[in-house]
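Observations on chain architecture
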Amino acid sequence: FSGPFDIETGKPLYAGGEEGYEEITCKYLLDKMKKDPSVVAITSGTPGVMGFTKSKREEAGKQFVDVGIAEETAVALASGIAANGGKPVYGVYSTFIQRAYDQISQDLCINSNAATIIVAWGSVYGMNDVTHLGLYDIPMLANIPNLVYLAPTTKEEYLAMLDWSIEQNEHPVVIRMPGGALVSDGKAVTKDFGRLNTYEVKEKGAKVAVIGLGSFYPLGEQAAALIKEKTGVQPTLINPYYITGVDTDLLESLKADHDVVITLEDGVLDGGFGEKIARFYGDSDMKVLNFGLKKEFLDRYDVDEVLKDNHLTAEQIAEDVEKVL
């Protein structure tokens with residue numbers, strides 16, 4: 001496939017940027033394939049989702065399978081390979097994962113086959129035409145039993161999750177490739193992702209807790225800094241990692257010295273991650289503010305305008321928190 005190009009010269013209209021998650025994924029998987037013949041990369045007509053150019057596909061050989069535009073077949077194939085001891089990794093854009101909902105539920109999750117699915121461009125920063133939006137995968141996938149849905153915030157977390165997922169054989173795992181620019185902090189990841197639904201407190205504070213999911217974790221950092229600046233209150237900053245589960249012990253502990261919990265997610269709020277947190281606190285005095293996107297069909301939108309319209313700037317979040325403190 002190709003992006004916009006000059007019809008006279010054939011040259012692309014937009015220069016490629018720095019290395020992104022797609023290229024990192026391809027490099028990682030090719031290395032993994034050379035060491036382990038049971039690792040298989042699968043695509044459904046979009047090899048670029050994992051950075052597999054023609055030369056990279058040739059390098060992977062029979063360990064790369066393109067089923068064509070048939071997401072259902074891709075998931076069924078991944079499930080079958082996993083059931084027989086292989087290590088399949090299926091890469092798919094968020095907007096297309098809806099086509100395979102039945103296979104993810106019936107073929108993959110009922111059987112708890114340990115396939116890995118990478119969901120790309122599940123973000124307000126992804127494709128922005130109305131038929132290709134990547135804003136709905138969290139509600140769609142996060143409520144299927146047996147599925148583990150992970151949200152990395154950095155390159156390092158992404159690769160660590162991918163490595164854990166491929167090597168474990170207990171759970172079907174989906175990893176939400178971060179949207180927007182690549183973030184790398186150079187820090188080694190020591191977390192055991194097999195200890196499901198354990199969030200991480202990155203900075204301990206009081207009164208306000210900020211839970212920033214995946215690619216919106218940096219927004220959580222910015223909002224926490226502004227809240228401290230405006231109110232003098234140092235918020236607790238939390239990286240939840242798990243979209244599909246709630247860290248009940250951590251959330252319960254926040255009741256002791258926190259009054260407000262805010263959640264940030266790069267997708268629609270209805271049926272999403274934040275509502276799980278709000279439901280947990282439903283019978284308590286904890287105030288919960290969920291920040292995300294409205295349930296609507298957007299088309300050819302401007303990202304900054306959408307973020308402002310949904311109160312998803314650090315300034316707006318800090319102002320909203322001030323009102324309830």
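For the structure, see preceding data.
These remarks concern the structure in this document.

Relative to the helices and strands, L29 resides in helix α1 (residues 21–35). With sequence-adjacent residues up to four places away left out, L29 is seen in contact with A41, M50, F52, V89 and I166.

Okay, the side chain of T198 next. Residue position: T198 is located in the loop between β6 (173–176) and β7 (200–203). T198 sits in the buried class, given a relative accessible area of 15%. At a separation of 2.8 Å, a polar atom in the side chain of T198 contacts the main-chain carbonyl oxygen of R195. The residues contacting T198, other than those within four sequence positions of it, are K191, P240, Y241, Y242 and D247.

Before going further, it helps to examine the packing of aromatic side chains. Centre distance and the angle of the planes are the two values used to describe a pair of aromatic rings. Scanning the model with the defined rule gives nine aromatic pairs in all. Between Y21 and Y158, the aromatic rings sit 5.6 Å apart at their centres with planes inclined by 85°, giving edge-to-face as the arrangement. Here the residue Y21 occupies a position in helix α1, and Y158 occupies one in helix α6 (residues 155–167), the gap between them amounting to 137 residues. Grouping residues by exposure puts Y21 and Y158 together as buried. Between the aromatic rings of F280 and Y281, the centroid separation amounts to 5.0 Å while the plane-to-plane angle is 85°, which identifies the pairing as edge-to-face. In this structure Y281 comes out as buried when scored by relative accessible area, which is 2%. Here the aromatic cluster, defined as three or more aromatic residues joined through ring pairs, consists of Y93, F96 and W121.

On to the sheet that holds strand β5 (residues 148–150). Strand order in this open sheet of six strands is β2-β1-β3-β4-β6-β5, and the pairing throughout is parallel. Where the open sheet ends on each side, the last strands, each with one partner, are β2 (64–66) and β5. Neighbouring strand axes in the sheet, compared pairwise and without regard to direction, differ in orientation by 20° on average. In this structure, strand β1 (residues 39–43) lies alongside β2, joined through three bridges in parallel fashion. What sits directly across from I42, in β2, is V65. On top of the sheet, helix α3 (residues 71–83) reaches β1, β2 and β3 (87–93); it is set at about 160° to β3, its chief contact. Across the face of the sheet, α6 comes into contact with β1, β3, β4 (116–120), β5 and β6 while running at roughly 170° to β6.

Next up on the list: α1. Along its 15 residues, α1 runs 21 Å from first to last C-alpha, staying within 8% of the 21 Å computed at 1.5 Å per residue. In the core, the buried residues of α1 are packed alongside β1, α2 (54–60), β3, β4 and α6.

Before going further, it helps to examine the pattern of salt bridges. Counted under the stated rule, the structure contains 16 salt bridges. When the shortest N-O distance is used, the salt bridge between K323 and D320 registers 3.9 Å. Here D320 and K323 lie together in helix α11 (residues 314–324), a separation of three residues that amounts to about one turn. Looking at D320, the relative accessible area reads 14%, which means it is buried.

This part takes up helix α4 (residues 101–109). Among all positions in α4, only Q103, I104, S105, L108 and C109 are buried. Buried-residue contacts for α4 involve α3, β4 and α5 (137–141).

Neither face of β6 is exposed, since V173 and I175 on one face and V174 and R176 on the opposite face are all buried. Here β4 pairs with β6 via four bridges, running parallel. Within the sheet, the bridge partner assigned to I117 lies in β6 and is V174. With three bridges connecting them, β5 and β6 associate as parallel partners. Bridging from a neighbouring strand, Y149 pairs with V174 of β6. Read from β5 through α6 to β6, the crossover connection turns out right-handed.

In this structure, the second largest pocket occupies an estimated 360 Å³ of space. Taken together, 17 residues line the second largest pocket, and the ones lying closest to its centre are E157, D185, K187, K202 and Y241. When residues of the lining of the second largest pocket are traced back to their parent elements, those giving at least two are β7 and α7 (217–231). Of the residues forming the lining of the second largest pocket, the biggest block, three residues, is contributed by α7.

Rules and cut-offs
Residues numbered from 1 in each chain as written. Predicted model: local features only at pLDDT ≥ 70, side-chain atom pairs only at ≥ 80, totals over all residues. Heavy atoms only, no water. Helix = DSSP H or I, 4+ residues; strand = E, 2+ residues; numbered from the N terminus. Contact = heavy atoms within 4.5 Å. Buried < 20%, exposed > 50% of the residue type's maximum accessible area, 1.4 Å probe, protein only. Polar contact = N/O pair within 3.5 Å; in protein donor to acceptor, adjacent residues only side chain to side chain. Phe/Tyr/Trp six-rings, centres within 6.5 Å; stacked < 30°, edge-to-face > 60°. Pairing = 2+ DSSP bridges. Axes fitted to C-alpha atoms, helices over the stretch in contact; angles between N-to-C directions. Expected span 1.5 Å × (residues − 1). Salt bridge = Lys/Arg side-chain N within 4 Å of Asp/Glu carboxyl O. Right-handed = clockwise from strand over helix to strand, strands pointing away. 1 Å grid on protein atoms, 1.4 Å probe; cavity = no way out; pocket = protein on both sides within 12 Å on 5 of 7 lines; lining within 4 Å. Points joined across faces, edges and corners; volume = space filled by probe spheres on them.

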